[in-house]
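Structural features, examined
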Amino acid sequence: MKLFGNPSFTLDGTAVTADTRKASALLAYLVVEGPSARDVLAALLWPESPHSRARATLRRTLSAIRSAMGPNVLLADRNHVRLHAGVRADVTTFEKSLAAADQHSHIDRELCPACTASLQAAVDAYCGDFLAGFYLRDSPEFDDWTRQTAESYRLACERAYERLSIAFAAQGDYRRAIDAAHQWLELDRLREPAYRQLMLLNAWAGDRAAAAETYRRCLTTLNRELGVDPLAETTELYDAVLDDDLPPSPGPRRPAVPQPSLRPSPPPDLVDRRHELEVLARAMTDQPGGTVIRLVGEAWMGKTRLIEEARSLAEEQGRPVVAVRGYRAERQLPFGVVAQALGALTNLPDWKATRGTVPAWARRETARIYPDLGPGPATGSDTFAETRLYDALLRVLTAGPIVYLVDDTHWVDESSLAVLTYLVNRITSTGTLVVFAHRPEEDRNLGSLVEAAAMHGPPLVLEPLTPAAIPDTDDADSIIARTGGIPVLVAEALAGGGGATPTPGVRRFMKVRLADLDELSRQVLAAASVLSGSSDFDLLREVSGRSEEEVIAAAEALTARRILTTSGDGELDFSLATMKQLVYEETSLIRRRLLHRRAAETLDTRPRAQTDAVLATAIAQHHQRGGQDERAAEWYVRAGRLAREVFAPAEAIRSFQTALALGRSDEAEVRIDLGDTLLFMGRFSRAVTEFEIAASLTEGPARAVAGHRIGEANRRLGRLDVALERFALAERDHPDPVSLYCDWALALLRRGERKAAREKADRAVVASEKAGAAGRSRALAVLGIVSGHRAEARRSLMAALELAGNDPILRMAALNALAHSHAQSDEHSDALMLVDEALRLAAAIGDRHRQAALYNHLADLYHRMGRDADSEAALKEAVKLFVEVEPGAWEPEVWLLTWW
């Protein structure tokens, strides 16, 4: 009976055809599931029929099968049905062959010829998916069973091909191993482990080009079918293939075929580890007994480079060296690293002489792990077998002043770790040196080995480089800041890279740092990458969408690996700004937008959102990057107004311009806000342009305000006729008559029309009775300026100063006017104090135009007092500031600002 591929049925070699599809389905089910209850079969194949009718239909179908395939093909009683033993099926052959291969207890790499033959028989029986193309229209339960069974058989076949590929590789038959891996991949083109296996086999066979092509095929297939990149494990294996840095093969490796480099060489390492090198050098020469040195450092901190330096030092001393390393993919292999060490040991030039010093019993025990040492001991149960094996390994491994270098100890298998710990605990009586390196987050997993090494002294902890490590450059602080002190990145920066743009070195570094992160940590890291600057824990939790416990766990893991850093107040940020940029770039656009929207919504609820310009700008940016332009524009306007309130005009201008670019519906109001900010900065022409646009977009009060602002800008520029015309046009609809009449009065005063100026000032004072303290202060200050009576002017100005409170602009105006009043009365000392206070306010808020005018005022005061040197110094300061006002245009009236 053929059930893989297109189903057909045979009995004793004779092909027959069942009368109905239900009969075929019934036979297939019995083959796979064995004896089955009649009620189960009836419900499965005729689910829509009443129970009695389904049982009757089942009886007729069983009769039809007997007629077509013979009376003995089915054995049935009142309750159960089963197939006769003479019915053969390919699925039965498949299952029996797999079971035969599984009966042996040895691991996959040690498959014997009988196991290999059984696996080959199993895959030969598999000729396509179970019941491919076969279905029942009225029995969804049967179709579900078919799909599940087909998937189970397919996975079993994939596993068989995987085991076969390893078995053939162990025999050195890479052609058949590669064929098996190809067959595995044909069953599921999206199975990354199959791609990795095929890459390894091609590399072990010496064909790196084919291994690289397999990776490219994986990359293309996953991107086209799923829209994702290969896992970090796959990419790391690809890098290892290119570097010929592969885990040990199960059989003999063939030399790689020389070929041009498949990628640019990485930048040279920079390792400034003088102290560590001195410790290693002393250990090679000064230690009469055995010793242990533990190197601890994050990825890319130079552990491997120091291991290489240790090897060079040992070879200079004439000491034999055995270098081994742990591999992530080999952590499940018992004694894998010990076998590496024994293989390297027996290949040393003087091993034959050393071998004679090892007792025969020790060689026999060690042969359990490394058969090349000779015949192993007789098998049998022995209470002391493990102790004897460890003692034998100690005898073999310490037979001489050997230097053992163990890199990537965090990936060493547990059995080898136990042996290494045993060796370290007993090394003092030998001449052996052990240097092993691992990452700090693996201390807990290394357990007893770390405790044993501690008896030999503290570890050598490799920290990031400091500016002192690169003394021959003037940019050391900057280089360390942007590279995080990572040695290879420092080297890259010194070679001309390492700026704001992520370099190839940074990208490789990030892959190493992020390779082992779980999905939770990646989600939290993606959330951190969208946040501006550092982020507190609550913000990170809200944006990531994970629970408090999950974010705590992820944050602890990420800070332990120095991907994130924690400030004194508990805020989290990336250790490298370029890494933050890369994480952000590698987060999908859809997810980035989601995270930005979450960030905006979270920050929006914070108390300072309505009062803090920086926070409001961050909320606006998150809305914009989250694809919510309308809400972003709203927040940019708010951020601009808040920035202007704290006298940050450059930031305010950027916010207003961004809001306009996003398409604000109240464009006229935003343009007035932008013009006001430009007016404050002394950019009068640009301000007028914004006010003109605003006036063209609106009517009524808003248009009157725009016209008033146009007049004020022209007043500052000395174009008094234009200013007065604009003030007159704005009068009817203006919502703030106090400010309008104040500016109008000052323009008239500048023209020498004091009486008309007084009339406008009086109107301002009357209007201010319905305004607040700010409006009242401005009106009284202008009244004091235009008043021709000294006593009245002094009273008005003192009242204006009191009402100004802490408002710097109002207070500055009142102080300046009072200073003029005191100067007219020859009260120069009092005038100086008032101008000095006003200058401090002007400098604090960044008002360059008024600051320049105040220095001009100060120069006049010093001149009246006969202090010509001080007067000249103040005038120079005024000139420097005046030239910054309305740059690019010669406007002499700008220099004549006296009152405001």
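Reference entry: report on the structure contained in this document. (Residues numbered from 1 in each chain as written. Predicted model: local features only at pLDDT ≥ 70, side-chain atom pairs only at ≥ 80, totals over all residues. Heavy atoms only, no water.)

What the chain contains, in helices and strands, is 42 helices and twelve strands. Taken over 900 residues, the chain has a buried fraction of 49%. Counting only contacts in the chain whose residues sit at least 6 apart along the sequence, the fraction spanning at least 24 positions is 65%. Total accessible area on the chain is roughly 42,000 Å²; 50% of this is exposed by carbon and sulfur atoms. (Helix = DSSP H or I, 4+ residues; strand = E, 2+ residues; numbered from the N terminus. Buried < 20%, exposed > 50% of the residue type's maximum accessible area, 1.4 Å probe, protein only. Contact = heavy atoms within 4.5 Å. Areas by Shrake-Rupley, 256 points an atom, 1.4 Å probe, with all protein chains shown as cover.)

Let us now look at the sheet that holds strand β3 (residues 36-37). Spatial ordering of the open sheet is given by β3-β5-β4, a layout of three strands whose pairing is antiparallel. Sheet topology places β3 and β4 (74-76) at the edges, where each strand pairs with a single neighbour. Here β3 pairs with strand β5 (residues 80-83) via two bridges, running antiparallel. Across the sheet, residue Ser 36 finds its bridge partner in β5, namely Val 81. (Pairing = 2+ DSSP bridges.)

Now for the side chain of Thr 587. If you trace the backbone, Thr 587 turns up in the loop between α26 (577-586) and α27 (589-604). Residue Thr 587 is classed as buried on the basis of its relative accessible area, which comes to 10%. Setting aside residues no more than four positions away along its own chain, Thr 587 makes contact with Ala 526, Ser 529 and Arg 592.

So, on to the pattern of salt bridges. In the structure shown here, the tally under the stated rule is 51 salt bridges. We note a salt bridge from Arg 159 to Glu 162, for which the minimum N-O separation is 3.0 Å. Taken together, the residues Arg 159 and Glu 162, both in helix α6 (residues 140-170) and three residues apart, mark about one turn of the helix. What you see here is one network of salt bridges that share partners, running through Glu 731, Glu 759, Lys 760 and Arg 763. (Salt bridge = Lys/Arg side-chain N within 4 Å of Asp/Glu carboxyl O.)

The next thing to look at is the sheet that holds strand β8 (residues 403-407). In any sheet, the strands associate via hydrogen bonds between backbone groups, in a parallel or an antiparallel arrangement. With parallel pairing, the five strands of this open sheet are ordered in space as β7-β8-β9-β6-β10. For this open sheet the edge positions go to β7 (321-325) and β10 (460-462), each flanked by a neighbour on one side alone. Adjacent strand axes in the sheet meet at a mean angle of 15° when their direction is disregarded. Alignment of β8 against strand β9 (residues 433-438), held across four bridges, turns out to be parallel. Of the residues in β9, the one forming a bridge with Val 406 is Phe 436. Here helix α11 (residues 274-285) sits on the sheet and contacts β6 (291-297), β8, β9 and β10; the angle it forms with β10, its principal contact strand, is near 150°. (Axes fitted to C-alpha atoms, helices over the stretch in contact; angles between N-to-C directions.)

Counting 90 residues, the largest nonpolar core has Ile 293, Leu 295, Val 435, Leu 525, Leu 540 and Val 543 as the members making the most contacts within it. No other element matches helix α29 (residues 629-645), which puts eight residues into this core. The residues touching Leu 540, leaving out its near neighbours within four places in the chain, are Val 524, Ala 527, Ala 528, Leu 531, Ser 535, Val 551 and Leu 572. (Core = buried A, V, L, I, M, F, W, Y, C linked by side-chain atoms within 4.5 Å.)

Here we take up empty space enclosed by the protein. Scanning the entire structure with this criterion turns up two cavities of 30 Å³ or more. Its volume calculated, the largest cavity comes out at about 140 Å³. For the lining of the largest cavity, the elements supplying multiple residues, two or more each, are α13 (336-346), β8 and α17 (414-425). Ranked by the residues each element gives to the lining of the largest cavity, the list is headed by α17, at four residues. Residues that form the lining of the largest cavity fall into these classes: ten nonpolar, one polar and no charged. (1 Å grid on protein atoms, 1.4 Å probe; cavity = no way out; pocket = protein on both sides within 12 Å on 5 of 7 lines; lining within 4 Å. Points joined across faces, edges and corners; volume = space filled by probe spheres on them. Nonpolar A, V, L, I, M, F, W, Y, C, P; charged D, E, K, R; others polar.)

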